[in-house]
Amino acid sequence: MINEEGILFRPAAEKDAGTLVALYDQAARWMQKNGIDQWKPGERDTAHFLARMREGEVWLAGDADKRIIGAYELWWSDEDAWGVQPPVAGYVHRLMVQRATAPAGAGRRMLEHAERRIARSGLARARLDCVSTNPRLLAYYQGAGYRVVGEFPHKEGKDGRVYGVVLLEKRLDQLTVV
C-alpha cells in the first residue's frame, strides 16, 4: 500500500472487481442525475475490470479506515482513441470517486497518483480523453494541467454508440517523482 497525502493506494485484485463495478455504477448514476451523458449503470462488469487488471493497472484509493473512496485505470496504450502511438505516455481511464466517503480533492489526488505512476515508468506524458459533451469534466482536467491536443469525433463504444472525445495530455517532465 502506498500512503499519499492521507489516501492509501493499492493495486486492485480479482476480489475487488465487484467493488469496482459498484463504484462505476454509483458514478454513472451520479452523472445521469446531474445531466451528464457519459457513463451508464451496468456498462462495465467484473469481466471489464478483470481484463483491465490483466492488461494494465487498476488502482483503488482508500481512507485510513480502509473504506474505498475511488479508483482509476491506467493503460499503457489506447489505440481506440489515440491511434497507434510511440510508447511515450500512460493513459488514465475511469477516474471514479465515491462521493459519500471521499474527502474534497480526492479525484485530483488520484489523478496525481496516476501521473506519478506514469513518470516512474519513464514516460513523459499522461493522456486521457473526455467525452466532447461534458464541458465540466473538460474544465476539471484543464484545471489539473492537461491541455487539449486533439479531438476524435467518431469513437465507438462497445454498445455501438458513436460519440466524440477530446484528447488531453499533460507533460510530466517537471514532475517530482518520489
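Once a new chain begins, its residue numbering starts again from 1 and follows that chain's sequence as written. With the structure being a predicted model, the display of local features is reserved for residues of pLDDT at least 70 and the display and counting of side-chain atom pairs for 80 or more, all residues being used for whole-chain, interface and lining totals. Excluding hydrogens and water, the side-chain values take into account all heavy atoms of the structure.

Below, the discussion takes up the environment of K155. By the element assignment, K155 lies in strand β7 (residues 147–156). A relative accessible area of 10% places K155 in the buried class. In the structure, K155 is positioned 10 residues away from V165 in sequence and 7.0 Å away in space, judged by C-alpha atoms. Working rule for contacts: check all heavy atoms of both residues, and any pair within 4.5 Å makes them a contact. Ignoring any residue separated from it by four or fewer positions in sequence, one finds K155 in contact with D80, A81, D129, R161, V162, Y163 and V165. For helices the rule is a DSSP run of H or I covering at least 4 residues; for strands it is a run of E covering at least 2, with both sets numbered from the N terminus onward. Burial status follows relative accessibility: with a 1.4 Å probe on protein chains alone, a residue under 20% of its type maximum counts as buried, one over 50% as exposed, and anything between as partly exposed.

The subject of this paragraph is the layout of surface pockets. Taken as a whole, the largest pocket encloses approximately 1,200 Å³ of empty space. Around the largest pocket, the lining comprises 50 residues; the ones closest to its centre are M31, Q38, W39, L95 and L137. No other element matches strand β5 (residues 89–97), which puts six residues into the lining of the largest pocket. Tallied by class, residues from the lining of the largest pocket come to 23 nonpolar, 10 polar and 17 charged. Method remark: on a 1 Å grid restricted to protein atoms, a set of points is classed as a cavity if a 1.4 Å probe fits but cannot get out and as a pocket if it is open with protein on both sides within 12 Å along at least five of seven lines; lining residues have an atom within 4 Å of a point. Grid points are joined across faces, edges and corners, and a volume is the space filled by probe spheres set on the points. For this classification, Asp, Glu, Lys and Arg are treated as charged, while Ala, Val, Leu, Ile, Met, Phe, Trp, Tyr, Cys and Pro are nonpolar and the rest, including Gly, are polar.

What follows deals with the pairing of β5. Counting buried residues in β5 gives eight out of nine residues, a clear majority hidden from the surface. Between any two strands, pairing holds if DSSP finds at least two bridges. As defined by bridge partners, β5 adjoins strand β6 (residues 125–131) across three bridges and the pair is classed as parallel. Its bridge partner lying in β6, G90 is registered against A126. The parallel pair β5 and β6 is bridged by helix α4 (residues 106–120), and the resulting crossover is right-handed. Note on handedness: a clockwise path from strand one over the helix to strand two, with the strands aimed away from the viewer, defines a right-handed crossover.

Whenever Lys or Arg places a side-chain nitrogen within 4 Å of a carboxyl oxygen from Asp or Glu, that contact is recorded as a salt bridge. Applying the stated criterion across every chain, the model contains 12 salt bridges. Here R10 makes a salt bridge to D16, at a shortest N to O gap of 2.8 Å. Under the relative-accessibility criterion, R10 is labelled partly exposed at 21%. Here the salt bridges share partners, and the residues they tie into one network are R125, R127, R147 and E169.

Turning to the nonpolar core, a few remarks are in order. The nonpolar side chains of soluble globular proteins are, as a tendency, buried together. We define a nonpolar core as any set of buried Ala, Val, Leu, Ile, Met, Phe, Trp, Tyr and Cys residues linked to one another through side-chain atoms lying within 4.5 Å. If you look at the biggest cluster of nonpolar residues, it comprises 27 residues, and the most contacted ones within it are Y72, V92, L111, Y141 and Y146. Within the residue set of this core, elements represented by two or more residues are β2 (7–11), β3 (57–62), β4 (68–75), β5, α4, β6, α5 (135–143) and β8 (162–171). Looking at this core, the element that brings in the most residues is α4, giving six residues. Not counting chain neighbours up to four residues away, the residues in contact with L111 comprise V92, L95, L128, Y141, A144 and Y146. By size, the runner-up hydrophobic cluster in this structure holds 17 residues, among which are L20, V21, W39 and V58.

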